[in-house]
Amino acid sequence: MAMVHGMHPTWLLLLREINEMNPSITAKLAQLSERLLEINQLLSTEEATKDMDTFRKLNRERAELEPVVELYHAYQTAQADIGAAQEMASDPEMKTFAEAEIKQGQERLAQLASELQVQLLPKDPNDERSVFLEVRAGTGGDEAALFAGDLFRMYSRYAERKRWQVEVISESPGEMGGYKEIIARIVGQGAYSVLKFESGAHRVQRVPATETQGRVHTSACTVAIMPEVAEVDEVVLNTADLRIDTFRASGAGGQHINKTDSAVRITHLPTGVVVECQDGRSQHQNKAQAMRVLAARIMDTQVREQNAKIAATRKSLVGSGDRSERIRTYNFPQGRVTDHRINLTLYKMDAIMDGDIGELTGALMAEYQAEQLAAMAEDVLN
């Protein structure tokens, strides 16, 4: 079997397992093919649209299965083509042509095998969700707040490139600019799948505008990416566990904003999580928004605990989402950005700070897939 150029070493074991048609993998693929046929039959009946919830669920399941089954059928076709070419190779006049067909077929088989493995990886149920983005200034005082503003702009510009919507939920401006803290909702299908590895500590090294001696200072911010909860009911929130306080909003927002106690602070007593929201135009709006952020934070805590267990078991580089972990350094004097988890350094500071982070997010997603594939290889081989 030909090696696919640039392939992660752990993929080779997996390609071998698929090419030898490991019985468990074959059985799973055959089962998925049968299920797709069953769904198509169900959707073609007159009864299909009578229960719209079931109809939507079946359509979603079909959309998930079709790419896998199409790849599996293409894989079976490639296998059959190789078999036919091997039979031709016994004919001296066709041998050269057949050997070229076999080589081409094996390369195609390897590519399809790798694509099949990715499709068979466990799906994160939160991947298609929108997210809440939180950026908080850490060590570094005013410079950290300025950097928090730079990071928020970076993510906002990236969202613009993806045609996602950005809604600021709450903000606490820094004294010299930027933000002590800012929380925003980024609305876009698949936002969590792309941004989830941004959670962690981001460090900046640069000469602050207030520095007269030209010395480089180091500051830090923490970033949290939390999947939005589709319905607050997805997370169990007992009203007895909540303390809801209202207060007079501060800052911009029109003449009415300081006349009523429209701002809302919700404290989740069991965990101590506190959420404030004051950017809405009414107490009702702020309370609803704060509840959504609170639900997202609590669910995010559960997700991170689960990921931490997986990371500890698998020695994951990118999957834990630990907020205290330093994940990236932005060195302005040298114009470089380094992601420490995957040892990737890019010399394109201006572009990255302007939202061009696709190379970073893509590399992190690829590494995560490679880790999942390695875990799958262990399970198959054991």
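Described below are features of the structure shown in this document. Small disclaimer: the values here were computed from a predicted structure and weren't measured.

### Topic: the sheet that holds strand S4 (residues 200–206)
Strand pairs in the sheet, formed through backbone hydrogen bonds, run parallel or antiparallel to each other. Taken in spatial order, the 8 strands of this open sheet run S2-S3-S1-S5-S4-S9-S10-S11, and their pairing is mixed. The two strands at the open ends of the sheet, each matched to only one other strand, are strand S2 (165–173) and strand S11 (344–346). Neighbour-to-neighbour, the strand axes of the sheet open up by a mean angle of 15°, direction not taken into account. In terms of strand pairing, S2 meets strand S3 (residues 179–187) through 8 bridges, oriented antiparallel.

### A short note on the packing of aromatic side chains
Counted by the stated rule, this structure contains 4 aromatic pairs. Ring centres of phenylalanine 147 and tyrosine 330 lie 5.3 Å apart, and the angle between their planes is 65°; this geometry places the pair in the edge-to-face category. Residue phenylalanine 147 is located in helix H5 (residues 141–161), and its partner tyrosine 330 is located in strand S9 (residues 326–331); the two are separated by 183 residues in the primary sequence. Note on tyrosine 330: relative accessible area 0%, which makes it buried. Note on phenylalanine 197 and tyrosine 368: the rings are 5.1 Å apart at their centroids and 55° apart in plane angle, and the pair reads as tilted. Residue phenylalanine 197 is located in the loop between helix H6 (191–195) and S4, and its partner tyrosine 368 is located in helix H9 (residues 358–381); the two are separated by 171 residues in the primary sequence. A relative accessible area of 5% means that phenylalanine 197 is categorised as buried. Judged by relative accessible area, which is 23%, tyrosine 368 ranks as partly exposed. The ring of phenylalanine 332 has arginine 206 lying over it, and the distance from NZ or CZ to the ring centre is 4.8 Å.

### Considerations on the nonpolar core
Counting 53 residues, the largest nonpolar core has Leu151 and Tyr330 as the members making the most contacts within it. Residue contributions to this core peak at 9 residues, all from helix H7 (residues 283–314). Those residues in contact with leucine 151 that lie beyond four places of it in its chain are Val135, His202, Cys221, Val223 and Tyr330.

How each quantity is defined
- Residues numbered from 1 in each chain as written.
- Predicted model: local features only at pLDDT ≥ 70, side-chain atom pairs only at ≥ 80, totals over all residues.
- Heavy atoms only, no water.
- Pairing = 2+ DSSP bridges.
- Helix = DSSP H or I, 4+ residues; strand = E, 2+ residues; numbered from the N terminus.
- Axes fitted to C-alpha atoms, helices over the stretch in contact; angles between N-to-C directions.
- Phe/Tyr/Trp six-rings, centres within 6.5 Å; stacked < 30°, edge-to-face > 60°.
- Buried < 20%, exposed > 50% of the residue type's maximum accessible area, 1.4 Å probe, protein only.
- Lys NZ or Arg CZ within 6 Å of the ring centre and 35° of its normal.
- Core = buried A, V, L, I, M, F, W, Y, C linked by side-chain atoms within 4.5 Å.
- Contact = heavy atoms within 4.5 Å.

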